[in-house]
Amino acid sequence: MMFAADNIRLRALEPEDLEWLYSVENDEELWQWGSSNVPYSRYSLKTYIAESRHDIYADGQLRLVIETEDEHLVLGCVDLMDFSPRHLRAEIGILLFPEYRGRGVATKVLGMLVSYAREHLYMHQLYAIVSQKNMKAQHLFERFGFKRVSLLADWLRDKEEDYVSAYIYSFRRLIPLLKVR
């Protein structure tokens, strides 16, 4: 699977991605933004890559690598997770390595992901949970048309061992509902 825009593409995980995936999943600085706080072995990540069907219906999630088309330089990854086939919604998570932030990459990735969710997955809703401290992510989702719909008080535990509230951003009605007569 490949999506591309302005020298940025999204693709499925490959065995060659093991080392950077290992470093991302074991980066304690990133644990505060996710739901995991345990290290992963290379073996478990190798198994994940090998056994993933890259099918959101089979796996309940989809992880895509963000890379440049010309040099195949990995810039980060994007996830659709907590997929609900009944309600046709999923959470979005975007991780860009620090040296590639602020270059418009996340905007392109979000556009590709929303298009994919609309045109291929027939999703009704995408949402993101964004820390109150992460102003750049808030602006990204707001610029793209996501609406801030709720505050989750004391939702994320940060690296200072304190709790930070987060917002839920929602992008609804990707596909209009069909009315049956």
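None of the values given here were measured: they were computed from a predicted structure.

What counts, and where the lines are drawn
- Residues numbered from 1 in each chain as written.
- Predicted model: local features only at pLDDT ≥ 70, side-chain atom pairs only at ≥ 80, totals over all residues.
- Heavy atoms only, no water.
- Helix = DSSP H or I, 4+ residues; strand = E, 2+ residues; numbered from the N terminus.
- Rg over C-alpha atoms; globule rule 2.2 N^0.38 Å.
- Buried < 20%, exposed > 50% of the residue type's maximum accessible area, 1.4 Å probe, protein only.
- Contact = heavy atoms within 4.5 Å.
- Areas by Shrake-Rupley, 256 points an atom, 1.4 Å probe, with all protein chains shown as cover.
- Lys, Arg positive; Asp, Glu negative; His and termini not counted.
- Charge placed at Lys NZ, Arg CZ, Asp CG, Glu CD.
- Core = buried A, V, L, I, M, F, W, Y, C linked by side-chain atoms within 4.5 Å.
- Polar contact = N/O pair within 3.5 Å; in protein donor to acceptor, adjacent residues only side chain to side chain.
- Pairing = 2+ DSSP bridges.
- Right-handed = clockwise from strand over helix to strand, strands pointing away.
- Expected span 1.5 Å × (residues − 1).

Overview of the overall build of the protein
Across its full length, the protein holds 6 helices and 8 strands. Put simply, the protein runs from its N terminus to its C terminus through helices and strands in the order β-β-α-α-α-α-β-β-β-α-β-α-β-β. The globule rule puts the C-alpha radius of gyration for 181 residues at 16 Å, and the 16 Å found for the protein is close to it. Considering only C-alpha atoms, the protein reaches an extent of 55 × 40 × 30 Å along its principal axes. For the protein, with 181 residues in total, the buried portion stands at 43%. Put simply, of all contacts in the protein between residues at least 6 apart along the chain, 57% involve residues at least 24 apart. Just so you have it, the protein exposes about 10,900 Å², and 51% of that area is on carbon and sulfur atoms. Of the charged side chains in the protein, 23 are positive and 27 negative; the average position of the first set lies 10 Å away from that of the second.

A closer look at the nonpolar core
Within the largest apolar cluster, 48 residues are counted, with the highest numbers of intra-cluster contacts made by Trp20, Ile66, Leu80, Leu126 and Phe146. Top element by residues in this core is helix α5 (residues 105–119). It accounts for 9 residues.

Regarding the environment of Asn26
Along the polypeptide, Asn26 turns up in the loop between α1 (18–25) and α2 (28–31). Here the side chain of Asn26 touches Tyr22 through a polar contact of 2.8 Å, landing on its backbone oxygen. A distance of 2.7 Å separates a polar side-chain atom of Asn26 from the backbone nitrogen of Tyr40.

Let's talk about the environment of His54
You can see His54 is positioned in the loop between α3 (42–51) and α4 (56–59). Residue His54 is classed as partly exposed on the basis of its relative accessible area, which comes to 24%. Residues His54 and Arg9, spaced 45 residues apart in sequence, show a C-alpha to C-alpha distance of 16 Å.

Regarding the pairing of strand β6 (residues 125–131)
Regular strands place side chains that alternate from one sheet face to the opposite one. Where burial is concerned, most of β6 is hidden: 6 out of the 7 residues are buried. Pairing of strand β5 (residues 89–96) with β6 involves 3 bridges; the strand directions are parallel. Directly across from Arg89, in β6, lies its bridge partner Gln125. The β-α-β motif built from β5, the intervening α5 and the parallel element β6 has right-handed crossover chirality.

Some details on α5
Helix length check: α5 (15 residues) gives 21 Å between terminal C-alpha atoms against 21 Å at 1.5 Å per residue, within 8%. Among all positions in α5, only Val105, Ala106, Val109, Leu110, Gly111, Met112, Leu113, Val114, Tyr116 and Ala117 are buried.

Structural notes on the pairing of strand β7 (residues 147–157)
Sheet analysis places β7 next to strand β8 (residues 163–172), joined by 7 bridges and oriented antiparallel. Bridge pairing links Leu151 to Tyr167 in β8. Connecting β7 to the next strand, β8, in antiparallel fashion are 5 residues, including Glu161 with a positive phi near 65 degrees.

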